[in-house]
Amino acid sequence: MSFNLEQDLEARYAAGLYRRRKTLDSPQCPEVIINGQHYLAFCSNDYLGLANHPDVIASFRQATDNYGLGGGASHLVVGHSRAHHQLEEELAEFTGRERALLFSNGYMANLGVISALLGKQDAVFQDRLNHASLLDAGQLSGARFQRYLHNDVDNLNNRLQKTSARRKLIVTDGVFSMDGDVAPVKALSDLAEQHQAWLMVDDAHGFGFLGENGGGVAEAYGLSQKQLPVLVGTLGKAFGTSGAFVAGSEALIETLIQFARTYIYTTSMPPAVASATRTSLLLLQEQHWRREHLQSLIQYFRSGCEQLGLPLMPSQTPIQPLLIGCERRAMEMSQRLSDQGVLVTAIRPPTVPKGSSRLRITFSASHELHHIDRLLDALKMAAQSVGAADFSDEPAVLTDSLPMTGVLS
């Protein structure tokens, strides 16, 4: 019996969609070493530059003396350490919610939440460009699953008017990982109230950057626990560590503890990671200069791209996608940048819709203006060699197939 695995792999390679891993030999920072080669990198989600911060590392090391390394068991057996508990309490205070609950990663958090809250009598409404974990969770929940047009409140409203579901859950990214734009969370919250629905926001890419204190879209738009009852965040991006959390009411968190299978049936994150994240959380709130510096880098870069005539997508976040269109041309642009020692990942289908391949350029507070100058020079040379006038010659096609948003290569 043959599963034709080789044939499928060959077809993906022929279509220019084959993916390969890169082996990192250095910490996450602007200048990295991959397979022995030095690169200036613009493809990490370490938005605040905390992944290699000495205070965060020191907290991790100290915590291993107190707790060892592994979590050892699930939270509900004997894997819930004091470090986990303290971090949950601090995340609840940070987000202005009654409680928070830690998960091993963002994928498991989203799967656990949606599956615990919804069943066959319910309906889930998701932005069509949501992260893969949200889309997968919606399908696996057993609830009626609908996708509304990207950031289109009217389209969502039309769908909500037609449902007779017991529970209705609206789900969106806070900041969309491949486009860099922000969801209209205030309008979504108002719509949820109108239709007696819940709103769930996965703010993985908004925490740390948005809001006066880095509290993400909830802080930036002043959404209370009642207005945004299910708030999800990851710790492996702006926090610079690993894991995820869900913040909300006492009833929500207790429901997840009792019914979220991805929480119940898995080993807890290493306690030292939780302890290190507590330090990240302090730095994130206290060091406002990191967000201010990021803003200045973004504006500087966008101004430079405008002068070069490069088609950036409309984003004011650290995610700055350069729309190419053709997947092969996106790969060629990425390779031309790599030849110049600049690392930028090409994003292709099925991560994004066909015809909308792009370079996903991301910034960190660890970058400096001279890094941006080098990136702009490299982009100029790469565009000239590939043919910038040919960018986006294939219009983006939004099909009904699920884009596996969130895969970075």
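This text gives an overview of the structure that appears in the document. (Residues numbered from 1 in each chain as written. Predicted model: local features only at pLDDT ≥ 70, side-chain atom pairs only at ≥ 80, totals over all residues. Heavy atoms only, no water.)

**Things to note about empty space enclosed by the protein**
Over the atoms, a rolling probe the size of a water molecule traces out where space has been left empty. Using the criterion set out here, one finds one cavity of 30 Å³ or more in the structure. If you add up the space inside the largest cavity, you get close to 90 Å³. Forming the walls of the largest cavity are 13 residues, and the residues nearest its centre are C29, P30, S44, S364 and H367. (1 Å grid on protein atoms, 1.4 Å probe; cavity = no way out; pocket = protein on both sides within 12 Å on 5 of 7 lines; lining within 4 Å. Points joined across faces, edges and corners; volume = space filled by probe spheres on them.)

**A word on the packing of helix α4 (residues 82-95) against helix α12 (residues 271-286)**
In contact at an axis separation of 8 Å, α4 and α12 are set at 25° when each is read in the N-to-C sense. In terms of their interaxial angle, α4 and α12 are classed as roughly parallel. Both α4 and α12 take part in a crossing whose hand is left-handed. Between α4 and α12, the residues in contact are A83, H84, Q86, L87, E90, L91 and F94 and P271, A274, S275, T277, R278, L281, L284 and Q285, respectively. Each residue belonging to the contact of α4 with α12 can be placed in one class, and the counts come to eight nonpolar, five polar and two charged. (Axes fitted to C-alpha atoms, helices over the stretch in contact; angles between N-to-C directions. Helix = DSSP H or I, 4+ residues; strand = E, 2+ residues; numbered from the N terminus. Parallel < 35°, antiparallel > 145°, perpendicular 65-115°, else oblique. Left-handed = near helix turned anticlockwise from the far one by under 90°. Contact = heavy atoms within 4.5 Å. Nonpolar A, V, L, I, M, F, W, Y, C, P; charged D, E, K, R; others polar.)

**Observations concerning the sheet that holds strand β13 (residues 357-362)**
Sheet strands pair via backbone hydrogen bonds, and the direction of the pair is either parallel or antiparallel. Pairing is antiparallel across the open sheet formed by three strands, whose spatial order is β10-β13-β12. With one partner strand each, in any of the chains shown, β10 (319-325) and β12 (345-347) form the two edges of the open sheet. Adjacent strand axes in the sheet meet at a mean angle of 30° when their direction is disregarded. (Pairing = 2+ DSSP bridges.)

**Considerations on the pattern of salt bridges**
Under the counting rule described, the total for this entry stands at eight salt bridges. For the salt bridge of E250 with R99, the shortest nitrogen-to-oxygen distance reads 3.1 Å. Here E250, found in helix α10 (residues 250-259), pairs with R99, found in strand β3 (residues 99-103); they are 151 residues apart in sequence, far enough to count as distant. K186 is the salt-bridge partner of D190, the closest N and O atoms lying 3.0 Å from each other. Taken as a pair, D190 and K186 lie in helix α8 (residues 185-194) at a separation of four residues, close to a single helical turn. Shared partners join several salt bridges into a network, and the residues in it are R99, E250 and E254. (Salt bridge = Lys/Arg side-chain N within 4 Å of Asp/Glu carboxyl O.)

**Details of the packing of helix α2 (residues 54-67) against α12**
Where α2 meets α12, the axes come as close as 8 Å, and the angle between the chain directions of the two elements is 145°. Classified by chirality, the crossing of α12 by α2 is right-handed. Facing D55, V56, S59, F60, A63, T64 and Y67 of α2, the residues of α12 in contact are P271, A272, V273, S275, A276, T279, S280 and L283. Looking at the contact of α2 with α12 residue by residue, the class counts come to nine nonpolar, five polar and one charged.

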